[in-house]
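# Overview (structure and organization)
Letter by letter, the chains look like this.
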Protein chains: 2
Amino acid sequence: MTTLLIRDCRLPDGAAADILVRDGRIAAIGPGLDAPAGASVEAARGLLALPAFVEGHTHLDKTLWGMGWYRNEVGSRLIDRIDNERNERKRLGLDPRRQGEHMARMFLALGTTRIRTHADVDVAVGTAHSDALVALRDAMRGTMDMQVVAFPQSGLLIRPGTLELLDAALRNGADIVGGLDPSGIDRDPKGHLDAVFGLCTKHGKPLDIHLHEPGELGAFALDLIIERTLALGMQGKVVVSHAFCLGEVSRAPALYEALAEAGIALATTAPPSRPVPLVKAARASGTKIFAGNDGIRDTWGPYGKPDMLQRAMILGMKNDLRRDDEVALAFATVSDWAAEACGFETCRLAVGERADLVLLDAETLAEAVVAQPPRRVVISHGRIVARDGALVA
Amino acid sequence: MTTLLIRDCRLPDGAAADILVRDGRIAAIGPGLDAPAGASVEAARGLLALPAFVEGHTHLDKTLWGMGWYRNEVGSRLIDRIDNERNERKRLGLDPRRQGEHMARMFLALGTTRIRTHADVDVAVGTAHSDALVALRDAMRGTMDMQVVAFPQSGLLIRPGTLELLDAALRNGADIVGGLDPSGIDRDPKGHLDAVFGLCTKHGKPLDIHLHEPGELGAFALDLIIERTLALGMQGKVVVSHAFCLGEVSRAPALYEALAEAGIALATTAPPSRPVPLVKAARASGTKIFAGNDGIRDTWGPYGKPDMLQRAMILGMKNDLRRDDEVALAFATVSDWAAEACGFETCRLAVGERADLVLLDAETLAEAVVAQPPRRVVISHGRIVARDGALVA
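Rules and cut-offs
- Residues numbered from 1 in each chain as written.
- Chains lettered and ligands numbered in written order.
- Predicted model: local features only at pLDDT ≥ 70, side-chain atom pairs only at ≥ 80, totals over all residues.
- Heavy atoms only, no water.
- Axes fitted to C-alpha atoms, helices over the stretch in contact; angles between N-to-C directions.
- Helix = DSSP H or I, 4+ residues; strand = E, 2+ residues; numbered from the N terminus.
- Left-handed = near helix turned anticlockwise from the far one by under 90°.
- Contact = heavy atoms within 4.5 Å.
- Nonpolar A, V, L, I, M, F, W, Y, C, P; charged D, E, K, R; others polar.
- Parallel < 35°, antiparallel > 145°, perpendicular 65-115°, else oblique.
- 1 Å grid on protein atoms, 1.4 Å probe; cavity = no way out; pocket = protein on both sides within 12 Å on 5 of 7 lines; lining within 4 Å.
- Points joined across faces, edges and corners; volume = space filled by probe spheres on them.
- Domains from an automatic or database assignment.
- Buried area = accessible area lost by both parts, 1.4 Å probe.
- Salt bridge = Lys/Arg side-chain N within 4 Å of Asp/Glu carboxyl O.
- Buried < 20%, exposed > 50% of the residue type's maximum accessible area, 1.4 Å probe, protein only.
- Least-squares fit on C-alpha atoms with pLDDT ≥ 70 in both.
- Expected span 1.5 Å × (residues − 1).
- Bend = angle between axes of the 7 residues up to and from the residue.
- Pairing = 2+ DSSP bridges.
- Polar contact = N/O pair within 3.5 Å; in protein donor to acceptor, adjacent residues only side chain to side chain.
- UniProt positions renumbered as here; feature names shortened; annotations may be inferred.

Residue and element names in this part refer to chain A. Packing of helix 5 (residues 189-203) against helix 6 (residues 215-231) leaves a shortest axis separation of 11 Å and a crossing angle of 35°. Note that helix 5 runs across helix 6; the crossing there is right-handed. Touching Pro 189, Lys 190, Leu 193, Asp 194 and Phe 197 of helix 5 are Phe 220, Ala 221, Leu 224, Ile 225, Arg 228 and Thr 229, all from helix 6. Partitioning the contact of helix 5 with helix 6 into residue classes produces 7 nonpolar, 1 polar and 3 charged.

Right, dumping it as structure tokens:
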């Protein structure tokens, strides 16, 4: 593999440094490194070097990016959006592999090298979305790390046959069991959670449950998830996504403590429009928290961009993180904290780490988050994969 | 003045059209317009045409943009931020005219042609910030419409001498009287409001009060502001900025009704981190509401960009505006609704309107809001003033 010397970049702490990359990993960091014989040299000319980014929660199979503008006329209830999407997929000619690959490549070009994506599994499309993203994951291995969650977006128990399809999706290579609003959608919290935890046990896979349920209904679901996680010894293997209830109930502090004890991590999109789990509250209890975009420009809504720095900005604004040391927390939710909680290889700017790096025009880490400047160079697995926002051959 | 034909753009409703600009105004809109003799022709090649944008609430005098990164280590209380700023201005060498001009030009390059800016007035800087922005306003007349609010950022009654300075700033040409947290900062709601409304009466000027006060304390301030607005016949002349309390108190619906009756408009930055007045609730009552960035990259915080489309996106996310017809409301808060509420000349894409236009790469208005694509051409007062995000000579 190539040896690459990044000459004259700056580190997040402000220090000028060179970075030596060898065999896909960071071999040395420091000022004035010698270029080994045969090394490529990349003149960074003072660009800021950051570890590459991690997308912790998205839906690669469903983005409409590049398919022409989708005129959204959807009702405002969760079930309206779920039903509309299931009905529109066919009419729109949505190809999950094509769309997923398009979006994954844009993520890469903007500096993301690890993605956890959900894939719809239901009685209409069967395992096709999950299978398509599993194939994409395998095709991009060595450039992009991807985890595929087999996700029952239209409900599990309320749509008979879905459980068997999830089982099949996992047999076909999906990495993670997905769950969804045990009461709000599936109308049977015990039944839903027993089913998804059962799949985890059967396949030896982790769990990622999307929990939109508000207030005490959502908190009750968290109670049940915590009980099962502890009973099954699944600490470190469970993510609850959204968990809006933690922004709403007065017993949130005790819930954070219980989540920490059960080793359950939280994924948040930090939506401006509603209460959410907060980064400082979660971390103070020891609960891991990380960020994702959720769907990007799909039938659910028009917002989002395959740029984790934009998501970090929104999370920073949502959490009112203004000091430089606070903005660094926002960055952690789209980099190393996300890698750790999802079980990806760590993602740090340190000797011995995999060389997944971004070089960009910013004076500080905080400026990178708030301004999202162009990505001059993206390096994945030690190779330069993109320049100025576009993939290189 | 120049006659300009914009050939082959698209209107927000999707129709292909030409736009004829003559003597600074829109003279005709329609397909296949003839270029008058001597007219310049701008080939828009399918670009989307939008009315130019309006910044309804910012602080041009205090941005640190371009001065090197400001490492924010400030405490989290409002008073910490106010005190820190007053203490840091001198150390940083903040020049309000230089910074204001720099930021106003960036606003223009990104499509904004009307700005309401606040200017600090206090016993440390006197009227210098306000005077500097008044001079900037006059220098940019004919290209940028600007309103200057003489704003007692450090308090009014608690800092004796400030009232006289506000009076002087208004004599020196400031357009609008500013007020600030009558209880939370000034500790005397009756005294503060009598003072600022008194200045309005004396100078025949409108009012813009920054009201951060939470819950019923803020609602009480609204009650007092409504009473005085009605008693003084100042309907249509009063803006309350922020008004977080409207996102918090149960009697918000009655307050919206009372604000509408008093002709009081609301300015919001739609901060993701806290409850705010909501666009649909305000409009349903007949209360005008519009948007602004507040401070952009200053000692208060690192966020913001002189791009009203980014602010519209954040407001859209905050208000959970997903349908295309809803995203159009977000756009209205940074265009015509803001112009109307601030008392600027109207800002619409229609014959007879002033020709302040933006041409950009987007398929729809909603895409422009969510993606904030490059501004290919900005036209102010009928002249092309910027291309590709940079001002032309």
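Residues and elements named next belong to chain B. Running from N to C, helix 6 (residues 215-231) and helix 7 (residues 252-261) cross one another at 25°; their axes reach a closest spacing of 10 Å. As the angle between them shows, helix 6 and helix 7 are arranged roughly parallel. Handedness of the crossing formed by helix 6 with helix 7: left-handed. Along the contact surface, helix 6 presents Ala 219, Leu 222, Asp 223, Ile 226 and Leu 230, while helix 7 presents Leu 255, Ala 258, Leu 259 and Glu 261. Of the residues contributing to the contact of helix 6 with helix 7, the split by class is 7 nonpolar, no polar and 2 charged.

Here we come to empty space enclosed by the protein. Considering all chains together, one arrives at 3 cavities of 30 Å³ or more under this definition. Considered as a void within the structure, the largest cavity measures approximately 60 Å³ in volume. Taken together, Leu64(A), Trp69(A), Tyr70(A), Asn72(A), Arg297(A), Asp298(A), Gly301(A), Pro302(A), Arg322(B) and Asp324(B) make up the full set of residues lining the largest cavity. Looking at the lining of the largest cavity residue by residue, the class counts come to 4 nonpolar, 2 polar and 4 charged. The wall of the second largest cavity is formed by Lys62(B), Leu64(B), Glu85(B), Glu88(B), Arg89(B), Leu92(B), Leu94(B), Asp298(B) and Thr299(B). A class-by-class count of the residues in the lining of the second largest cavity yields 3 nonpolar, 1 polar and 5 charged.

This part takes up the domain arrangement of chain A. Residues and elements named next belong to chain A. Domains assigned within chain A are domain 1 (3-51 + 349-388) and domain 2 (53-342). If you look at the interface, domain 1 gives 21 residues, while domain 2 gives 20 residues. Between domain 1 and domain 2, roughly 1,700 Å² of surface is buried when both sides are summed, and carbon and sulfur atoms account for 64% of that area. The largest per-residue losses of area from domain 1 upon contact with domain 2 belong to Val 369, Gln 372 and Arg 375, which jointly make up 32% of the total buried on that side.

Within the secondary structure, Val21(B) is located in strand 2 (residues 16-22). C-alpha of Val21(B) to C-alpha of Ile6(B): the two residues are 15 residues apart in sequence and 7.9 Å apart in space.

Its boundaries defined by the atoms lining it, the largest pocket holds a volume of some 970 Å³. Every element with two or more residues in the lining of the largest pocket is listed here: helix 12 (365-371) of chain A together with helix 12 (365-371) of chain B. Of the residues contributing to the lining of the largest pocket, the split by class is 16 nonpolar, 8 polar and 12 charged.

Let us now look at the pattern of salt bridges. When their charged atoms lie close together, side chains carrying opposite charge are able to pair. Residues and elements named next belong to chain B. Enumeration according to the criterion identifies 76 salt bridges over all chains in this entry. The residue Asp 175 makes a salt bridge to Arg 137 at a minimum N-O spacing of 2.8 Å. Separated by 38 residues along the polypeptide, Asp 175 in the loop between helix 4 (162-171) and strand 9 (176-180) and Arg 137 in helix 3 (residues 128-139) bring together distant segments of the chain. By relative accessible area, which is 9% here, Arg 137 ends up buried. Linking Asp 336 and Arg 348 is a salt bridge whose minimum nitrogen-to-oxygen distance equals 2.6 Å. In this pair, Asp 336 sits in helix 11 (residues 336-342) while Arg 348 sits in the loop between helix 11 and strand 14 (357-360), placing the two residues 12 residues apart along the sequence.

Once that is clear, we can look at the relation of the copies chain A and chain B. The transformation that overlays chain A on chain B combines an axial shift of 0.0 Å with a rotation of 180°, and the residual RMSD is 0.0 Å. What we have between these two chains is a two-fold relation. The C-alpha atom lying nearest the rotation axis in chain A is that of Pro272(A); the distance is 2.1 Å. When the interface residues of chain A are mapped onto chain B, 100% of them are again interface residues, pointing to one common binding face.

Here we take up helix 1 (residues 78-92) of chain A. Residue and element names in this part refer to chain A. If you check helix 1, its first and last C-alpha atoms are 20 Å apart, about what 15 residues at 1.5 Å a residue would give, namely 21 Å. At Arg 86, helix 1 is deflected by roughly 25°, the largest bend along its length. Within helix 1 the residues assigned to the buried category are Asp 80, Arg 81, Ile 82, Asn 84, Glu 85, Arg 86, Glu 88 and Arg 89. Summarising the contacts, the buried residues of helix 1 are in contact with strand 7 (112-120) and helix 3 (128-140).

The subject of this paragraph is the sheet that holds strand 13 (residues 289-291) of chain A. All names here are of chain A. Pairing in this open sheet of 8 strands is parallel, and the strands run 6-7-8-9-10-11-12-13 from one edge to the other. Bordering the open sheet on either side are strand 6 (53-58) and strand 13, each of which pairs with just one other strand. On average, each strand axis in the sheet is inclined to that of its neighbour by 25°, with strand direction left out of account. Two strands pair when backbone bridges link them, and strand 7 and strand 8 (residues 145-151) are joined in this way by 7 bridges, in the parallel orientation. Considered in strand 8, the bridge of Asp 120 is made with Phe 151.

With 34 residues of chain A at the interface, the matching set in chain B holds 34 residues. Buried surface at the junction of chain A and chain B, summed over both partners, amounts to about 3,300 Å²; 56% is from carbon and sulfur atoms. Three residues, Trp69(A), Tyr303(A) and Arg322(A), lead the burial of chain A against chain B; their summed loss comes to 25% of the area buried on that side. At the surface where chain A touches chain B, the tally comes to 6 salt bridges. With a shortest N-O distance of 4.0 Å, Arg71(A) and Asp324(B) are connected by a salt bridge. Between the two partners, chain A and chain B, sit 15 residue pairs in polar contact (both at pLDDT 80 or more). Counting only elements with at least two residues in the side of chain A that touches chain B, the list comes to helix 9 (308-318), helix 10 (324-332) and helix 12 of chain A.

This part is about the UniProt feature "domain: Amidohydrolase" (unreviewed entry) in chain A. Here the UniProt-annotated "domain: Amidohydrolase" (unreviewed entry) positions come out as residues 109-386 of chain A. Taken end to end, residues 109-386 of chain A comprises 38% helix and 19% strand; its first and last C-alpha atoms sit 5 Å apart.

Residues and elements named next belong to chain B. Of all 11 residues making up helix 9 (residues 308-318), 11 are buried, and the element is well covered by its neighbours. Every buried residue of helix 9 is accounted for by Met 308, Leu 309, Gln 310, Arg 311, Ala 312, Met 313, Ile 314, Leu 315, Gly 316, Met 317 and Lys 318. Capping of helix 9 at its N-terminal end is provided by Asp 307; its side-chain oxygen lies 2.9 Å from the backbone amide nitrogen of Leu 309. Of the residues trailing helix 9, Asp 320 is marked for its positive phi of about 55°.

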